[in-house]
Amino acid sequence: DTEVTQTPKHLVMGMTNKKSLKCEQHMGHRAMYWYKQKAKKPPELMFVYSYEKLSINESVPSRFSPECPNSSLLNLHLHALQPEDSALYLCASSQRPRAEGEGTEAFFGQGTRLTVV
Amino acid sequence: GENVEQHPSTLSVQEGDSAVIKCTYSDSASNYFPWYKQELGKRPQLIIDIRSNVGEKKDQRIAVTLNKTAKHFSLHITETQPEDSAVYFCAASIGGSQGNLIFGKGTKLSVKP
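Predicted model, so just to flag it, every value in this text is computed and none were measured.

Definitions and cut-offs
- Residue positions are given per chain, counted from 1 along the sequence in the order it is written.
- Chain A is the first chain written and ligand 1 is the first ligand written, with later ones labelled in order.
- Reporting of local features is limited, given that this is a predicted model, to residues whose pLDDT is at least 70; pairs of side-chain atoms are given and counted only at 80 or more, and all residues count toward the totals for whole chains, interfaces and linings.
- The basis for every side-chain value is the complete set of heavy atoms in the structure, and neither hydrogens nor water enter the calculation.
- The way it works is that DSSP assigns letters per residue, a run of H or I at least four long becomes a helix, a run of E at least two long becomes a strand, and they are numbered from the N terminus.
- We compute the radius of gyration over the C-alpha atoms and compare it with the globule rule, which gives 2.2 Å times the number of residues raised to the power 0.38.
- Only protein chains enter the calculation, and the probe is 1.4 Å; a residue is then buried if its accessible area is under 20% of its type maximum, exposed if over 50%, and partly exposed in between.
- Think of it this way: a Phe, Tyr or Trp ring, Trp meaning its six-membered ring, pairs with another when their centres are within 6.5 Å, and the plane angle makes it stacked under 30 degrees, edge-to-face over 60, tilted otherwise.
- By salt bridge we mean one thing: a side-chain nitrogen of Lys or Arg within 4 Å of a carboxyl oxygen of Asp or Glu.
- Pairs of strands are assigned from DSSP output, requiring at least two bridges between the strands.
- Lines fitted to C-alpha atoms define the axes here, with helix axes fitted over just the stretch in contact, and angles between the N-to-C directions of these axes take values from 0 to 180 degrees.
- Pairs of N or O atoms are called polar contacts if they sit within 3.5 Å, as long as, within protein, a hydrogen donor faces a hydrogen acceptor (for residues adjacent in sequence, only side-chain-to-side-chain pairs).

Enquirer: Just checking my understanding: could you explain the overall build of chain A for this structure?
Expert: Summing up its helical and strand segments, chain A has zero helices and 11 strands in all. When the elements of chain A are put in sequence order from the N terminus, they spell out β-β-β-β-β-β-β-β-β-β-β. Radius of gyration (C-alpha) of chain A: 14 Å, near the 13 Å computed for a compact globule of 117 residues. For the C-alpha atoms alone, the extent of chain A along its principal axes is close to 45 × 30 × 30 Å. Counting all 117 residues of chain A, 49% fall into the buried class.

Enquirer: Explain the packing of aromatic side chains to me, please; I cannot follow it from the model alone.
Expert: The relative placement of two aromatic rings is captured by the distance of their centres and the angle of their planes. Evaluated as defined, the whole model comprises 12 aromatic pairs over all chains. A ring pair is formed by Phe108 of chain A and Tyr36 of chain B, whose centres lie 5.4 Å apart and whose planes are at 90°; its orientation type is edge-to-face. You can see Phe108 of chain A sitting in strand S10 (residues 107-108) and its partner Tyr36 of chain B sitting in strand S4 (residues 32-38), one on each of two chains. Using a relative accessible area of 3% as the deciding quantity, one classes Phe108 of chain A as buried. Look at Phe108 of chain A and Phe103 of chain B: their rings are 6.1 Å apart centre to centre, the planes differ by 65°, and that puts the pair in the edge-to-face class. Linking Phe108 of chain A in strand S10 with Phe103 of chain B in strand S10 (residues 101-103), this pair reaches from one chain into another. Comparing Phe108 of chain A with Phe103 of chain B shows no difference in burial state: the two are buried. Each member of the aromatic cluster is reached from another via a ring pair, and the members are Tyr33, Tyr35 and Phe108 of chain A together with Tyr36, Phe89 and Phe103 of chain B.

Enquirer: Even after reading the chapter, I still don't get the pattern of salt bridges, so can you show me in this structure?
Expert: When the charged atoms of two side chains with opposite charge come close together, those side chains can pair. Within the structure shown, the criterion is met by seven salt bridges over all chains. In this structure, Glu3 of chain A engages Arg43 of chain B in a salt bridge whose closest nitrogen and oxygen atoms are separated by 3.4 Å. Taken together, the residues Glu3 of chain A in the segment before strand S1 (4-7) and Arg43 of chain B in the loop between S4 and strand S5 (45-51) connect one chain to another. On the basis of relative accessibility, which here comes to 11%, the residue Arg43 of chain B falls in the buried class. Note that Lys37 of chain B is salt-bridged to Glu39 of chain B, the shortest N-O span being 3.9 Å. Judged by relative accessible area, Lys37 of chain B falls into the buried class, the value being 16%. Here the salt bridges do not stand alone but share partners, grouping Lys36, Arg63 and Asp85 of chain A into one network.

Enquirer: Which parts of the structure should I look at to understand the sheet that holds strand S8 (residues 72-77) of chain B?
Expert: Pairing between the strands of a sheet comes from backbone hydrogen bonds, and it takes one of two forms, parallel or antiparallel. Residue and element names in this part refer to chain B. Strand order in the open sheet formed by five strands is S1-S3-S8-S7-S6, and the pairing between neighbours is antiparallel. Two strands close off the open sheet at either side, each with one partner strand: strand S1 (4-7) and strand S6 (56-59). On average, each strand axis in the sheet is inclined to that of its neighbour by 15°, with strand direction left out of account.

Enquirer: Would you mind showing me how to read the environment of Tyr32 of chain B here?
Expert: Residues and elements named next belong to chain B. With respect to the element layout, Tyr32 can be found in strand S4. Accessibility expressed as a relative area gives 0% for Tyr32, which makes it buried. Tyr32 sits 72 residues away from Gly104 along the chain, and the two C-alpha atoms are 14 Å apart. Within the structure, the side chain of Tyr32 is placed 2.8 Å from the side chain of Asp49, a separation counted as a polar contact.

Now the structure itself:
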């Protein structure tokens, strides 16, 4: 199984709503990521979890709240979003590097296309 | 922090021609350089990657070269086909991290039949 599965595929939410994005992988990867991708732009790193602990938060507003319940699951809780938060939200996972600083392949999910109205 | 520059932003070639996309990075500690292909409405998919201890890697029609001294790496696609049309992103690992990637701005490749 080399899949990273994200749900839902599409989400429309109002600025006062609370919603959650979900991501699941069964490849035994211990690093999981949330990226945000605006149209015609590259993916931008939001959060990194390593061994279920948040290791990097790239100065993301608090209206985005990540959660890693276990090594296979990653959630992104959304609250009081703004229309400019509309984007494709990509989850990815990768192996922990064998050595410090060694990069490894990131596998991406299909993404959740979020529209904030 | 790491910065990745990618050129050109758009590239149009005739079917059968070669395509070359170039990237530069700033962090000398970066040691992993993947290339992703993203078709419209789909996820980024890894097409080839290279580590800093290797200067060149090839996989059928796709090759990547890395010059660590100059901090640049390039993607070469030979005998292009219409299905190669997509946006291509280069990326570099953030030095000393657990595989986090910084992406270039992307190149929209169009292969005309």
